[in-house]
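# Fold and geometry: a report
Chain by chain, the residues:
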Amino acid sequence: MEFVFDRTANPQRPIKFDRMKLRSLRAEEKLALSYAMAQSSKLFVFESRVLESVERTRFLPKELAMEGKISCSKKDLNRLIGQLFVEQTEVNLFSSILDTPDFLWDDDEYFPTYDYTRKYLEVDDRVELLNSRLTVIRELLDVLTAQVADNNSTRLEWIV
């Protein structure tokens, strides 16, 4: 990204071809742009964590398809599910990725700048994609947990 001072820049479209055009040198304008970029950067951290979760669980469907069972215990699956819940709550509840900065509520002159920057960086779309990935992993782990529980109940029936 490159920053350019241009008094004639369109406040509705402060970014074009990865060049950020500042109409003024006011801190509020810089803060609006910076806040959106910070949210995008924070989201990148969460995306990296979710990709790690995908890698940790990638072998499970393949193992189930090839072996007809999985080698993970119910405790291991519960840990994976717990980790997914932690990541999902971090993104949706405890982080400020989805929040509009307070200073924009007080003075909304730079809200269009902030909003356009978020759209340019695709923050909302990336959050939606991240949540859908977490949902898919969660559904996979739910199926595998049910399969492990079924195996345990079958084993107990044979014992009885």
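Everything that follows concerns the structure shown earlier in this document.
A brief report on the enclosed structure follows. (Residues numbered from 1 in each chain as written. Predicted model: local features only at pLDDT ≥ 70, side-chain atom pairs only at ≥ 80, totals over all residues. Heavy atoms only, no water.)

### Quick notes on the overall build of the protein chain
From N to C terminus, the protein chain includes 6 helices and 3 strands. When the elements of the protein chain are put in sequence order from the N terminus, they spell out β-β-β-α-α-α-α-α-α. Out of the 160 residues in the protein chain, the part that is buried amounts to 32%. Within the protein chain, residue pairs in contact and separated by at least 24 positions form 69% of the contacts whose partners lie at least 6 positions apart. A total accessible area of about 10,300 Å² is found for the protein chain, and carbon and sulfur atoms account for 55% of it. (Helix = DSSP H or I, 4+ residues; strand = E, 2+ residues; numbered from the N terminus. Buried < 20%, exposed > 50% of the residue type's maximum accessible area, 1.4 Å probe, protein only. Contact = heavy atoms within 4.5 Å. Areas by Shrake-Rupley, 256 points an atom, 1.4 Å probe, with all protein chains shown as cover.)

### Structural notes on helix 1 (residues 27-57)
Because each turn of an α-helix spans 3.6 residues, side chains separated by three or four positions end up pointing in the same direction. The end-to-end C-alpha separation of helix 1 is 45 Å, in line with the 45 Å expected for 31 residues at 1.5 Å each. Buried within helix 1 we find Glu29, Ala32, Leu33, Ala36, Gln39, Ser40, Leu43, Phe46, Glu47, Val50, Ser53 and Thr57. (Expected span 1.5 Å × (residues − 1).)

### Thoughts on helix 5 (residues 111-120)
Listed in full, the buried residues belonging to helix 5 are Thr113, Tyr114, Tyr116, Thr117 and Arg118. Glu122 sits one or two residues past helix 5 and shows a positive phi near 55°.

### Let's talk about the nonpolar core
Ranked by internal contacts, the top residues of the largest apolar core, which has 21 residues, are Leu60, Ile70, Leu77 and Leu141. Secondary-structure elements contributing two or more residues to this core are helix 1, helix 3 (74-94) and helix 6 (123-159). Sorting elements by how many residues they give to this core places helix 6 first, with 8 residues. Every residue in contact with Leu77, bar those within four places of it in the chain, is listed here: Leu60, Ile70, Cys72, Leu141, Leu144, Thr145 and Val148. (Core = buried A, V, L, I, M, F, W, Y, C linked by side-chain atoms within 4.5 Å.)

### Points about the environment of Asp115
Examined against the element boundaries, Asp115 turns out to sit in helix 5. Note on Asp115: relative accessible area 23%, which makes it partly exposed. Placed 15 residues apart in sequence, Asp115 and Thr100 show a C-alpha to C-alpha distance of 9.0 Å.

### Describing the packing of helix 1 against helix 3
For any two helices packed against each other, one specifies the crossing angle of their axes together with the interaxial distance. For the pair helix 1 and helix 3, the least separation of the axes is 11 Å and the interaxial angle reads 165°. Relative to helix 3, the element helix 1 is oriented roughly antiparallel. Crossing handedness for the pair helix 1 and helix 3: left-handed. Contacts from Phe46, Arg49, Val50, Ser53, Arg56 and Thr57 of helix 1 reach helix 3 at Leu80, Gln83, Leu84, Glu87, Glu90 and Val91. Here the residues of the contact of helix 1 with helix 3 are counted per class, giving 5 nonpolar, 3 polar and 4 charged. (Axes fitted to C-alpha atoms, helices over the stretch in contact; angles between N-to-C directions. Parallel < 35°, antiparallel > 145°, perpendicular 65-115°, else oblique. Left-handed = near helix turned anticlockwise from the far one by under 90°. Nonpolar A, V, L, I, M, F, W, Y, C, P; charged D, E, K, R; others polar.)

### Thoughts on the pattern of salt bridges
Evaluated as defined, the whole model comprises 9 salt bridges. Salt-bridge contacts for Arg126 lead to Glu47; the nearest nitrogen and oxygen are separated by 2.9 Å. Of this pair, Arg126 sits in helix 6 while Glu47 sits in helix 1, and the two are 79 residues apart along the sequence. Overall, Arg126 belongs to the buried group, its relative accessible area being 16%. In this structure, the salt-bridge partner of Asp142 is Arg138, at a minimum N-O distance of 2.5 Å. A residue pair is termed a helical-turn pair when its members lie 3 or 4 positions apart in one helix, as Asp142 and Arg138 do in helix 6 at 4 residues. One continuous salt-bridge network, built from bridges that share partners, spans Arg26, Glu28 and Glu109. (Salt bridge = Lys/Arg side-chain N within 4 Å of Asp/Glu carboxyl O.)

### Describing the environment of Glu109
The topology assignment puts Glu109 in the loop between helix 4 (102-106) and helix 5. Taking the C-alpha atoms as reference, Glu109 lies 8.7 Å from Glu29; in sequence the two are 80 residues apart. Side-chain polar atoms of Glu109 contact the side chain of Arg26, separated by 3.2 Å. (Polar contact = N/O pair within 3.5 Å; in protein donor to acceptor, adjacent residues only side chain to side chain.)

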